[in-house]
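Per-entry structural report
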There are 2 protein chains.
Amino acid sequence: MTNASAILAALGDPTRQAILDLLLEGPQPVGELAALLPVSRPAVSQHLKVLKEVGLVVDRQEGTRRVYRVDPTGLAPVRAYLDRFWTQAVVAFAEYAEEQADPPSSTESKEKDR
Amino acid sequence: MTNASAILAALGDPTRQAILDLLLEGPQPVGELAALLPVSRPAVSQHLKVLKEVGLVVDRQEGTRRVYRVDPTGLAPVRAYLDRFWTQAVVAFAEYAEEQADPPSSTESKEKDR
DNA sequence: ACTTACGGTAAGTTATGGCTAACGGTTAGG
DNA sequence: CCTAACCGTTAGCCATAACTTACCGTAAGT
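Treat the numbers as computed from the prediction; the structure is a model and nothing was measured.

**Observations concerning the pattern of salt bridges**
As enumerated under the stated definition, the model contains 10 salt bridges over all chains in all. We note a salt bridge from Arg-66 of chain A to Asp-59 of chain A, for which the minimum N-O separation is 2.4 Å. By relative accessible area, Arg-66 of chain A is classed as partly exposed at 36%. Owing to a relative accessible area of 22%, Asp-59 of chain A belongs among the partly exposed residues under this scheme. Close ionic contact of Arg-79 of chain A with Asp-83 of chain B constitutes a salt bridge, the shortest N to O distance being 2.9 Å. Here Arg-79 of chain A, found in helix α5 (residues 76-101), pairs with Asp-83 of chain B, found in helix α5 (residues 76-101), and the two come from separate chains. The exposure class of Arg-79 of chain A is partly exposed, given its relative accessible area of 28%. When its relative accessible area of 39% is taken as the criterion, Asp-83 of chain B is described as partly exposed. By sharing partners, the salt bridges in this structure join Lys-52, Asp-59 and Arg-66 of chain A into a single network.

Written out as structure tokens, the structure is:
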């Protein structure tokens, strides 16, 4: 499942975010991406390697060029992770709120509520 | 809305991920977090500062201690961003697949399909 | 008032990661 | 077969950010 942490780390870099944004327009070869970005072609290659390792993009040999495209399924782990995170956070907040509104066994009227 | 890129960058660091995971168990003071992590207390403070700036956590003074907890709403921008990303990726893939299955106006039988 | 506990901040060091330049490998085309 | 286009990989440089140590402020407790 390519640990969600690794995917988040990959998504953390702004250049990789830019590459993914470009690939959202459609599949593109490496040279094309490099031409649209303020970094060199090898830099793009390295970023694509990272993105490929975590499963966010897939590549395809096309003649002498290598065309990359985003892999929709690659985002599944992050979505699942964030969903878990979301529900957990809500639960934690609910417990916290309840604990605030309904003090179980503490001095009841020590501090004013409003 | 604290740009989604900034939140993703914050989520990229493994130590911050660990801190957030701990905070999912419930609100905790800084010292408690530092005791559970392989880094010093100031390091935790600095990470909490970053997490707070992007809106992923909120803090609350509690006596001499400062208790942090995750803010569920802080994740909303990332969820929105990833949702957009997801649908875009699916669209891009659909166009790509269609282009593969139904070559519009290219040399039709130049390469073998199967 | 003094002390203790707790945590944010600053300064300095270290390490990680992104970038470029150079090289090599592969594919198509003449 | 030779050349040109395209791209992955390596080595090395450099910037950033993660970490520690030290210091200072604040809030209780005695």
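**What to know about helix α4 (residues 41-53) of chain A**
Residues and elements named next belong to chain A. Relative to the 18 Å expected for 13 residues at 1.5 Å per residue, α4 spans 18 Å between its end C-alpha atoms, a close match to the ideal helical length. Within the span of α4, buried status applies to Ala-43, Val-44, His-47, Leu-48 and Leu-51. For α4, the angular spread of the buried residues around the axis is 135°, confining them to a single face. With respect to the buried face of α4, the exposed residues turned more than 90 degrees away are Gln-46, Lys-49 and Glu-53. Elements in contact with the buried residues of α4: α1 (4-12), α2 (14-24), α3 (30-36), β2 (57-62) and β3 (65-70).

**Quick word on the relation of the copies chain A and chain B**
Placing chain A over chain B gives an RMSD of 0.2 Å and needs a rotation angle of 179°, together with 0.1 Å of translation along the axis. Those values place the two copies in the arrangement expected of a two-fold rotation axis. Ranked by how close their C-alpha atoms come to the rotation axis, the residues of chain A are headed by Gly-12 of chain A, at 2.5 Å.

**As for the packing of aromatic side chains**
As enumerated under the stated definition, the model contains two aromatic pairs over all chains in all. Residues Tyr-81 of chain A and Phe-85 of chain A carry aromatic rings whose centres are separated by 6.1 Å and whose planes lie at 40° to one another, so their mutual orientation is tilted. Taken together, the residues Tyr-81 of chain A and Phe-85 of chain A, both in helix α5 and four residues apart, mark about one turn of the helix. Across the ring face of Trp-86 of chain B, the terminal group of Arg-79 of chain A is positioned such that the distance to the ring centre comes to 4.5 Å.

**Points about the sheet that holds strand β2 (residues 57-62) of chain B**
Residue and element names in this part refer to chain B. Taken in spatial order, the three strands make up an open sheet running β1-β3-β2, and their pairing is antiparallel. With partners counted over all chains shown, the strands left at the sheet margins are β1 (28-29) and β2, one partner each. In the sheet, β1 pairs with strand β3 (residues 65-70) via two bridges, with the strands oriented antiparallel. Within β3, the residue paired with Pro-29 across the bridge is Val-67. Sitting on the sheet, helix α2 (residues 14-24) is in contact with β1, β2 and β3, with an inclination near 95° to β3.

**Some details on the interface of chain A and chain B**
Accessible area lost when the parts come together is the quantity often used to give the size of an interface. In this complex, chain A contributes 32 residues to the contact, which on the side of chain B involves 31 residues. For the pair chain A and chain B, the summed buried area comes to about 3,300 Å², and 68% of that belongs to carbon and sulfur atoms. Sorting the residues of chain A by area buried against chain B places Leu-24, Phe-85 and Trp-86 of chain A first, and these three jointly supply 19% of that buried surface. Note that Asp-21 of chain A is salt-bridged to Arg-84 of chain B, the shortest N-O span being 3.7 Å. Connecting chain A to chain B are two residue pairs in polar contact (both at pLDDT 80 or more). Among the elements that make up the side of chain A that touches chain B, the one with the highest residue count is α5 of chain A (16 residues). Along the lines of polarity and charge, the residues of the side of chain A that touches chain B split into 21 nonpolar, five polar and six charged.

**Thoughts on the environment of Ala-9 of chain A**
Position of Ala-9 of chain A relative to the elements: it lies in helix α1. Overall, Ala-9 of chain A belongs to the partly exposed group, its relative accessible area being 33%. On a C-alpha basis, the gap between Ala-9 of chain A and Val-50 of chain A in space is 9.8 Å, while along the polypeptide they are 41 residues apart. Filtering out sequence-adjacent residues up to four positions away, Ala-9 of chain A remains in contact with Arg-16 of chain A together with Gly-12 of chain B.

How each quantity is defined
- Residues numbered from 1 in each chain as written.
- Chains lettered and ligands numbered in written order.
- Predicted model: local features only at pLDDT ≥ 70, side-chain atom pairs only at ≥ 80, totals over all residues.
- Heavy atoms only, no water.
- Salt bridge = Lys/Arg side-chain N within 4 Å of Asp/Glu carboxyl O.
- Buried < 20%, exposed > 50% of the residue type's maximum accessible area, 1.4 Å probe, protein only.
- Helix = DSSP H or I, 4+ residues; strand = E, 2+ residues; numbered from the N terminus.
- Expected span 1.5 Å × (residues − 1).
- Arc of directions from axis to C-beta.
- Contact = heavy atoms within 4.5 Å.
- Least-squares fit on C-alpha atoms with pLDDT ≥ 70 in both.
- Phe/Tyr/Trp six-rings, centres within 6.5 Å; stacked < 30°, edge-to-face > 60°.
- Lys NZ or Arg CZ within 6 Å of the ring centre and 35° of its normal.
- Pairing = 2+ DSSP bridges.
- Axes fitted to C-alpha atoms, helices over the stretch in contact; angles between N-to-C directions.
- Buried area = accessible area lost by both parts, 1.4 Å probe.
- Polar contact = N/O pair within 3.5 Å; in protein donor to acceptor, adjacent residues only side chain to side chain.
- Nonpolar A, V, L, I, M, F, W, Y, C, P; charged D, E, K, R; others polar.

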